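Overview (structure and organization)
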Amino acid sequence: MKRREIFAGNWKMYTTHAEAMDLARGIIGGMGNMGTREVVLFPPSLHVRDVVNLCKGTPVSVGVQNMYFEKEGAFTGEISPAMVKDAGARFCLIGHSERRHVFGETDGQVNKKVLAGLEWGLEPMVCVGELLEERESGRGESVVRSQIEGAFVGLAGHRMKTIVIAYEPVWAIGTGKVATPEMAEAMHCVIRDVLAGLFGGEIAGSTPILYGGSVKPDNIKGLFGMANIDGVLVGGASLKAPSFLDIVRVG
Ligand code: PGA
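Predicted, not measured: the structure shown is a model, and the values here were computed from it.

1. Brief notes about the sheet that holds strand S3 (residues 60-64)
- Pairing is parallel in the closed barrel, where eight strands are placed in the order S1-S2-S3-S4-S5-S6-S7-S8. Strand after strand, the sheet turns through a mean of 25° between neighbouring axes, direction not considered.
- Sheet topology note: the strand S2 (residues 38-42)/S3 ladder contains three bridges and is parallel. Bridging across to S3, Val39 finds its partner in Val60.

Dropping the structure here:
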């Protein structure tokens, strides 16, 4: 089955406004013809509206790195899905490992954010991944299984159409330790198996699953060559237009 192919850049808490504009311009300017390949940028939320404006009329989409699940209210410091929509973003990254492990985000909160994102017409990119000690103690697969099950509680199958999943082993994020293509492929198959159990084979087979964790121009080929890896979520290497473009082109 032909699935969407998505190359996403997570800028995390990097870039001044001027740097963000330069980076977005560099990426847009160097893209060339990407065919059906999709490119998504996740700038810091303060820059989202302006990056959206720069990307208008280009094949590049924009998303936020996180958001709260309520529409509005006394939630100091948070941004709402309504605001994200109003800023023109299309995607919302949900449950990134830094949200889970630095800010204590739970599967229950991830689930509420997924439902809220869909409610507001956003496309959730849901991140899952195991810690090193979980993998080493043989629990990697069950951790990822329960993160997937937890993220999609209460979701009707037809609402999976705009969901993207990113498998990011925590031990590979920002460490330079990339999972081998075979390790990543094996976990992507586990994720498809969970999706098949929850929603049936068709949805399991059509949901894009990206890999993330120390993706670089020199390891993209092997990863993207695997049958169940439909693209990548790139952190560090997405902060320079040339290296991000090399990843998008080579993949
Ligand atoms: P990295 O980050 O590419 O720097 O490892 C990936 C991510 O956190 O999405």
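2. Some words on the pairing of strand S5 (residues 123-128)
- In terms of burial, S5 is largely enclosed, as six of its six residues are buried.
- Alternating residues of S5 divide into Glu123, Met125 and Cys127 and Pro124, Val126 and Val128, and every residue in both groups is buried.
- With four bridges connecting them, strand S4 (residues 91-94) and S5 associate as parallel partners. Along S5, the bridge assignment pairs Phe91 with Glu123.

3. Details of the packing of helix H1 (residues 17-30) against helix H2 (residues 48-55)
- At a closest axis distance of 10 Å, the pairing of H1 and H2 adopts a crossing angle of 25°. Taken together, the axes of H1 and H2 are roughly parallel relative to one another. Note that H1 runs across H2; the crossing there is right-handed. Of the residues in H2, those touching H1 at His17, Met21, Ala24, Arg25 and Ile28 are Asp50, Val51, Leu54 and Cys55.
- By residue class, the composition of the contact of H1 with H2 is six nonpolar, one polar and two charged.

4. Examining the pairing of S3
- Here S3 lies mainly inside the structure; five of its five residues are buried.
- Following the chain from S2 across H2 to the adjacent parallel S3, one finds a crossover that is right-handed.
- Across two bridges, the pairing between S3 and S4 is parallel. Across the sheet, the residue bridging to Gly63 is Phe91, located in S4.

5. Quick word on the packing of aromatic side chains
- Evaluation of the coordinates by the stated rule reveals five aromatic pairs.
- A ring pair is formed by Tyr68 and Phe75, whose centres lie 4.9 Å apart and whose planes are at 45°; its orientation type is tilted.
- Site record: aromatic cluster; members linked through ring pairs are Tyr68, Phe69 and Phe75.
- Sitting over the face of the ring of Phe103, Arg99 holds its NZ or CZ atom 4.2 Å from the ring centroid.

6. Some points on the site of the ligand
- Taken together, 13 residues form the shell around the ligand, and within it Lys12, His96, Glu168, Gly174 and Ser214 come nearest.
- The side chain of Glu168 places a nitrogen or oxygen atom 2.7 Å from an oxygen atom of the ligand.
- A distance of 2.6 Å separates an oxygen atom of the ligand from a polar backbone atom of Gly174.
- The fraction of the free accessible surface of the ligand (280 Å²) that becomes covered by protein chains is 96%.
- Taken together, the residues of the shell around the ligand sort by class into four nonpolar, seven polar and two charged.

7. Overview of helix H8 (residues 181-199)
- Between the first and last C-alpha of H8 there are 26 Å, a value that for 19 residues agrees with the 27 Å anticipated at 1.5 Å per step.
- Ala184, Glu185, Met187, His188, Val190, Ile191, Arg192, Val194, Leu195 and Phe199 are the residues of H8 that are buried.

8. Brief notes about the pattern of salt bridges
- Enumeration according to the criterion identifies 19 salt bridges in this entry.
- In this structure, the salt-bridge partner of Arg3 is Asp230, at a minimum N-O distance of 2.9 Å. Linking Arg3 in the segment before strand S1 (6-10) with Asp230 in the loop between helix H10 (220-224) and strand S8 (231-234), this pair joins segments that are 227 residues apart in sequence.
- Judged by its relative accessible area of 13%, Arg3 is buried.
- A relative accessible area of 6% means that Asp230 is categorised as buried.
- Between Arg135 and Glu130 there is a salt bridge, with the nearest N and O atoms lying 2.7 Å from each other.
- Arg135 gets classed as partly exposed once you look at its relative accessible area, which sits at 27%.

The rules behind these values
Residues numbered from 1 in each chain as written. Predicted model: local features only at pLDDT ≥ 70, side-chain atom pairs only at ≥ 80, totals over all residues. Heavy atoms only, no water. Pairing = 2+ DSSP bridges. Helix = DSSP H or I, 4+ residues; strand = E, 2+ residues; numbered from the N terminus. Axes fitted to C-alpha atoms, helices over the stretch in contact; angles between N-to-C directions. Buried < 20%, exposed > 50% of the residue type's maximum accessible area, 1.4 Å probe, protein only. Parallel < 35°, antiparallel > 145°, perpendicular 65-115°, else oblique. Left-handed = near helix turned anticlockwise from the far one by under 90°. Contact = heavy atoms within 4.5 Å. Nonpolar A, V, L, I, M, F, W, Y, C, P; charged D, E, K, R; others polar. Right-handed = clockwise from strand over helix to strand, strands pointing away. Phe/Tyr/Trp six-rings, centres within 6.5 Å; stacked < 30°, edge-to-face > 60°. Lys NZ or Arg CZ within 6 Å of the ring centre and 35° of its normal. Near = heavy atom within 4 Å. Polar contact = N/O pair within 3.5 Å; in protein donor to acceptor, adjacent residues only side chain to side chain. Areas by Shrake-Rupley, 256 points an atom, 1.4 Å probe, with all protein chains shown as cover. Expected span 1.5 Å × (residues − 1). Salt bridge = Lys/Arg side-chain N within 4 Å of Asp/Glu carboxyl O.

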